[in-house]
Every structure is written in C-alpha cells, then in structure tokens.
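Read off the chains here:
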Amino acid sequence: MRRTAATLSRQFAAALLAAGFAIPLAASSAAGDTEVPPSPCQDGVTVVVDFTDLGGRLETGCAADPATGIEALQQAGFTDTRDPAGMICAIDARPDPCPETFTGSYWSYWYGGTDGTWQVRMEGTDTSVPAAGGFEGWRYNDGSTGPSVLPADLPAQPTDESAAVSGDDGTDAGTLVPEAAQPWVFAIVGIGAVSAVVAVGIGLMRRSGRGSSNGPAGQD
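Residues numbered from 1 in each chain as written. Predicted model: local features only at pLDDT ≥ 70, side-chain atom pairs only at ≥ 80, totals over all residues. Heavy atoms only, no water.

**Student:** Quick question: what am I supposed to make of the state of the cysteines here?
**Tutor:** What we call a disulfide is simply a covalent bond connecting the sulfur atoms of a pair of cysteines. Going through the model one piece at a time under the given rule, you end up with 2 disulfides. One disulfide in the model links C41 with C62; its S-S distance is 1.8 Å. With the S-S bond torsion at -105°, the cross-link from C41 to C62 turns out left-handed. Here C62 lies in strand β2 (residues 58-63) and C41 lies in the loop between α1 (2-33) and β1 (45-50), a separation of 21 residues in the sequence. Put simply, C89 and C98 are joined by a disulfide, and their sulfur atoms are 1.5 Å apart. For C89, a relative accessible area of 6% corresponds to the buried category. Owing to a relative accessible area of 22%, C98 belongs among the partly exposed residues under this scheme. Disulfide partners in the protein, listed by the sequence order of the bonded cysteines, are 1-2, 3-4. (Disulfide = S-S within 2.5 Å. Helix = DSSP H or I, 4+ residues; strand = E, 2+ residues; numbered from the N terminus. Buried < 20%, exposed > 50% of the residue type's maximum accessible area, 1.4 Å probe, protein only.)

Laid out in structure tokens, this is it:
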C-alpha cells in the first residue's frame, strides 16, 4: 500500500509540473499566433514601417504634428540613416550595413489614400506634407508594393462603449491582473486544486492501509 501511495504521489507530482508549465507556454503560443497589427493613432499621423522583408515585423508609431514626411517618421520614434547622396538607406539601422549602392531594394515611401490603400509618394520626405489624421508608410522592397497591412485594415482603437468589462467599482477588469501574469495565475489555481485532490487521495489510502493491517490483529 505504501508503494502504491508513493507511485501515485510521483504521478501526481508529474501532473503538477506539467500543469504548471504547460499553461503559460500554451498561452504564449496562442498570443503569437493571434498577433494583430497595432491600432492607428487617434490624433496626428500614423506612421507604418514594414520590416517584414528584412526578417522583422510591421511596426507603427504616432507623429503629433509633423510638417514633413521626415518629421513624421522621426516623431513616430523611428531613426533614419542617409547615404552619401542624401537618400534614406536604413530605418532603425535596417538593413545593416546601410547599402552603399543600389541592389534592387530600397525604402519605398507611401501614404494612405482616401480609399484605404497605399499610394506611392511622388516627392521626397523633406518636402512632402502628411495629412492630419492620415497615414505614412514605408517598406523595404523593390518599390512595387506598400506596407503589407493596408490603412483600412488596421484595427480601430476601442471606444468607450467597446471598452473592457469593468468591475463594480469601475476598475477595468483587465487591470486587476496584468496580462503577462494571467497565465501564471491560472496555473497556480490549477496546481492548488490538484494538490488538494492529491492530499485527499493519499489520506484515504493511508486510512485504508491502517484498516487492513488492524483487521487481522483484532481477529487474533
């Protein structure tokens, strides 16, 4: 009976470890699979920089009140690098090193059209004037296509009516437990429940074992 209890204890311990580590890993995988582009800016100009052709991802930033395209890029938090001819050859040091000669790809410059698509800019960043509430786009490729996500497809920011469910005290339910910690909270709760089952099961087996050993003694 003691061997059986020990075996069950080891099995339950393995189950606890599996429960403790499988939950956060699964949540992390799901988060990566369901990643969506950032929302456009509520005010100012939305700048979209597509690094996907360089092994990166699509990134966005907000420019409060840019007078030119280069100001929009810089106000949105991106850093441009110029080649000797004064052309932008890298954004945020990508590609690295900055190409010294034309190799077929370059940082093409776009803006969001009224139909929600990308339109190529016919003038440089030093003279272009971004539209208030509009979109500026960048992509490193052969210049045939703009950023991989259209302005019309960027998810809208939630309004007050579509905000997350709040608690009775008006606190946003999403802030009660940080998003990064939520998988671990669920794992701890699950471990606690399994631990309780283990304790009850072992206690019942011990009682059963004592009852079996005392039976013959009482008959003697």
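Now, onward.
**Student:** Where do I start with the packing of aromatic side chains in this structure?
**Tutor:** Two aromatic rings are characterised by how far apart their centres lie and by the angle between their planes. Enumeration according to the criterion identifies 4 aromatic pairs in this entry. Ring centres of F51 and W107 lie 5.5 Å apart, and the angle between their planes is 80°; on these two criteria the pair is classed as edge-to-face. Placement of the pair is F51 in the loop between β1 and β2 and W107 in strand β5 (residues 106-112), with a sequence separation of 56 residues. A relative accessible area of 0% means that F51 is categorised as buried. Residue classification places W107 among the buried residues on the basis of a relative accessible area of 5%. (Phe/Tyr/Trp six-rings, centres within 6.5 Å; stacked < 30°, edge-to-face > 60°.)

**Student:** Honestly, unusual backbone geometry in this entry has me stumped. Any pointers?
**Tutor:** For residues other than glycine, phi is negative in most cases, and the peptide bonds are mostly trans. Following R94, the chain continues into P95 via a peptide bond in cis, with omega recorded as 0°. When you line up the elements, P95 lands in the loop between β4 (88-91) and β5. Here the residue pair D96 and P97 is connected by a cis peptide bond, since its omega of 5° sits within 30 degrees of zero. Relative to the helices and strands, P97 is located in the loop between β4 and β5. For A93, which is not glycine, the phi dihedral falls at a positive 60°. One can find A93 in the loop between β4 and β5.

**Student:** Would you explain the sheet that holds β1 in this entry?
**Tutor:** Within a sheet, neighbouring strands are paired by backbone hydrogen bonds and run either parallel or antiparallel to one another. If you walk across this open sheet you meet the 5 strands as β2-β1-β7-β5-β6, and the pairing is mixed. Pairing within the sheet leaves two strands with one partner each, and these edge strands are β2 and β6 (118-120). Averaged over all neighbouring strand pairs, the angle between strand axes comes to 30°, with direction disregarded. Inspection of the sheet shows β5 paired to strand β7 (residues 135-141) by 6 bridges, in the antiparallel sense. (Pairing = 2+ DSSP bridges. Axes fitted to C-alpha atoms, helices over the stretch in contact; angles between N-to-C directions.)

**Student:** How should the confidence of the model for the protein be read in this particular structure?
**Tutor:** Do not read the predicted coordinates in detail wherever pLDDT is low. Considering every residue of the protein, the mean pLDDT works out to 72; 54% of them sit at 70 or more. Under a pLDDT of 50 for its full length, residues 159-180 has, in the predicted model, 10 contacts with residues more than four places off or in other chains. In the model, residues 212-220 has pLDDT below 50 throughout and makes 0 contacts with residues more than four positions away in sequence or in other chains. (pLDDT = per-residue confidence, 0-100. Contact = heavy atoms within 4.5 Å.)

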